[in-house]
Amino acid sequence: MLFDSHAHLDAKQFDHDRDLVIKRARLNEVSYIMNPGADFESSVEAVALAEKYDFIYAAVGVHPHDVETMDDNMLALLKAMAQKEKVKAIGEIGLDYYRDLSPRPLQKKWFIAQLRLAKSLDMPVIIHDRDANDDVLRILKEEQAFETGVLMHCFSGSKELARQYVALGAYISIAGPLTFKNARKTIEVVESVPLERLMIETDSPYLTPEPFRGKRNESMYVKHVCQKIADIKGIAYEKCAEITLNNAKAYFKIK
Ligand SMILES: [Zn+2]
Ligand SMILES: [Zn+2]
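This write-up is about the structure you can find in this document. All residue numbers here refer to positions counted from 1 along the written sequence of the relevant chain. Chain labels run from A onward and ligand labels from 1 onward, assigned in the order the entries are written. A pLDDT threshold of at least 70 governs which residues receive local features in this predicted model, and a stricter bar of 80 or more applies before side-chain atom pairs are shown or counted, although totals over entire chains, interfaces and linings include all residues. The side-chain figures draw on all heavy atoms in the structure; neither hydrogens nor water molecules are used.

### A word on the nonpolar core
Okay, step 1: In this text, buried Ala, Val, Leu, Ile, Met, Phe, Trp, Tyr and Cys residues form a nonpolar core when linked through side-chain atoms within 4.5 Å. Each residue is placed in one exposure class: buried if its accessible area under a 1.4 Å probe, protein chains only, is under 20% of its type's maximum, exposed if it is over 50%, and partly exposed if it falls in between. Ranked by size, the top nonpolar core spans 77 residues in total, and within it I127, L140, Y165, I172 and I229 carry the most contacts.
Okay, step 2: Going along the chain from the N terminus, every DSSP run of H or I of four or more residues is numbered as a helix, and every run of E of two or more is numbered as a strand. For this core, the element with the highest residue contribution is helix α4 (residues 104–120), accounting for six residues.
Okay, step 3: Between two residues, a contact is recorded if the distance between any of their heavy atoms is within 4.5 Å. Ignoring anything within four residues of it in the chain, the contact list for Y165 reads V136, L137, L140, F146, M152, F155, A170 and I172.
Okay, step 4: Ranked by size, the runner-up nonpolar core spans 15 residues in total, among them F3, Y32, A59 and A248.

Here is the structure:
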């Protein structure tokens, strides 16, 4: 039984076979999926998917790439959506200085606004941090986000940074790049973070793990991330699956 803590099943890459992909996940022991929003529309679609499938849950939020579309009205609409039964977090939100698709001051402004939205609703957050380690950590601390829960998705930082996050009470989610040849840095992260603080994800349709790298990713491939973590930690696959599932259920407050 696996919990894919981050999948974009609403993405257009699944338009021709979405229901099949979801069925395949279920048949391959994926018993929970968290589908975060990336912009306003995809947040709406994430909620619709969560309302259609009992084992899918949603987060609503606007990704740093898309914050130029945001305004106060949209923030209010996100707040209303966040209070629906199947919505369990605000995300994905954060900063992306790698692709810099939106101006950095705007990224920060809406990152902070969405962190405050999460706080006001007593909800945890799903954080996207690409090449913005210092600003993300500083803002999370300033906004006291750790009190309501911080999940660092597709973690790509150092083991030192991972340790800082763990000390602050955050969870670290590991994606497909762990299975790539040059994964030394992320392997060290897995070695140094206790299993009780790890989650696994696909970030599908992106970041497909080996041996399917290069193809479209989907939730059933999360087992390859689980297997790699089990190998690194020298534990049984089943134990990795069970603990990461329990971590995600507790984090998202799923009964
Ligand atoms: Zn992301
Ligand atoms: Zn994502």
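### Things to note about the side chain of D17
Okay, step 1: Structurally, the position occupied by D17 is in the loop between β1 (2–4) and α1 (18–27).
Okay, step 2: Assessed through its relative accessible area of 14%, D17 is described here as buried.
Okay, step 3: Other than its neighbours up to four places away in sequence, D17 contacts R24 and R216.

### Describing the coordination of the zinc ion (ligand 2)
Okay, step 1: With distances of 2.0 to 2.5 Å, the protein atoms coordinating the zinc ion (ligand 2) are H6 (NE2), H8 (NE2), E92 (OE) and D203 (OD).
Okay, step 2: The coordination sphere of the zinc ion (ligand 2) comprises four donor atoms, whose angles at the metal cover 88 to 175°; the geometry is irregular.
Okay, step 3: A donor here means an N, O or S atom no more than 2.8 Å from the metal, or no more than 3.2 Å when the metal is Na, K or Ca. Since water is not included, a site may seem to lack partners. Along the chain, the residues donating to the zinc ion (ligand 2) fall in the pattern H-x1-H-x83-E-x110-D.
Okay, step 4: In this structure, the zinc ion (ligand 2) lies 3.4 Å away from the zinc ion (ligand 1), the two metals sharing E92 as a donor. Pair noted here: H6 is in the loop between β1 and α1 and E92 is in strand β4 (residues 87–96), with a separation of 86 residues, a long-range link. All geometry calls rest on donor angles, where a four-donor set with angles between 85 and 135 degrees is tetrahedral, four- and six-donor sets with opposite donors more than 155 degrees apart and all others between 65 and 115 are square planar and octahedral, and all else is irregular.

### Points about α4
Okay, step 1: The end-to-end C-alpha separation of α4 is 24 Å, in line with the 24 Å expected for 17 residues at 1.5 Å each.
Okay, step 2: Every buried residue belonging to α4 is among Q107, W110, F111, A113, Q114, L115, L117 and A118, and all of these are buried.
Okay, step 3: Close packing links the buried residues of α4 with α3 (72–82), β4, β5 (125–130) and α5 (133–142).
Okay, step 4: Two residues or fewer past α4, D122 is found with a positive phi of approximately 55°. By definition here, a helix of n residues has an expected span of 1.5 Å times n minus one.

### Overview of the packing of aromatic side chains
Okay, step 1: Stacked, edge-to-face and tilted are the three classes for Phe, Tyr and Trp ring pairs, Trp counted by its six-membered ring, which pair at centre distances within 6.5 Å; planes under 30 degrees apart are stacked, over 60 edge-to-face, the rest tilted. As enumerated under the stated definition, the model contains eight aromatic pairs in all.
Okay, step 2: Relative to Y57, the ring of Y32 lies with its centre 6.3 Å away and its plane at 35°, an arrangement referred to as tilted. Of this pair, Y32 sits in strand β2 (residues 30–36) while Y57 sits in strand β3 (residues 56–60); the two residues are 25 residues apart in sequence, bridging distant segments of the chain. Considered together, Y32 and Y57 belong to a single accessibility category, that of buried residues.
Okay, step 3: An aromatic cluster is present here, built from F3, Y32, Y57, Y171, Y251 and F252 joined pairwise through their rings.
Okay, step 4: Only when the NZ atom of a Lys or the CZ atom of an Arg is both within 6 Å of the ring centre and within 35 degrees of the ring normal do we say a charge sits over the ring. Lying over the aromatic face of Y97, R104 brings its terminal NZ or CZ to 4.0 Å of the ring centre.
Okay, step 5: The aromatic ring of Y171 is capped on one face by R197, whose charged end is 5.9 Å from the ring centroid.

### Here's the deal with α3
Okay, step 1: Listed in full, the buried residues belonging to α3 are M74, L75, L78, M81 and A82. Seen end-on, α3 carries its buried residues on one side only, within an arc spanning 120°. Counted as exposed and oriented over 90 degrees from the buried face of α3: D72 and N73.
Okay, step 2: On the buried face of α3, the contacting elements are α2 (40–52), β3, β4 and α4. Within this analysis, the arc is defined by the directions that extend from the helix axis to the C-beta atoms.

### A few points about the environment of N247
Okay, step 1: By the secondary structure assignment, N247 is in helix α9 (residues 237–251).
Okay, step 2: Non-local contacts of N247, meaning those with residues more than four positions away in its chain, are made with Y171, L195, E196, R197, L198 and M199.

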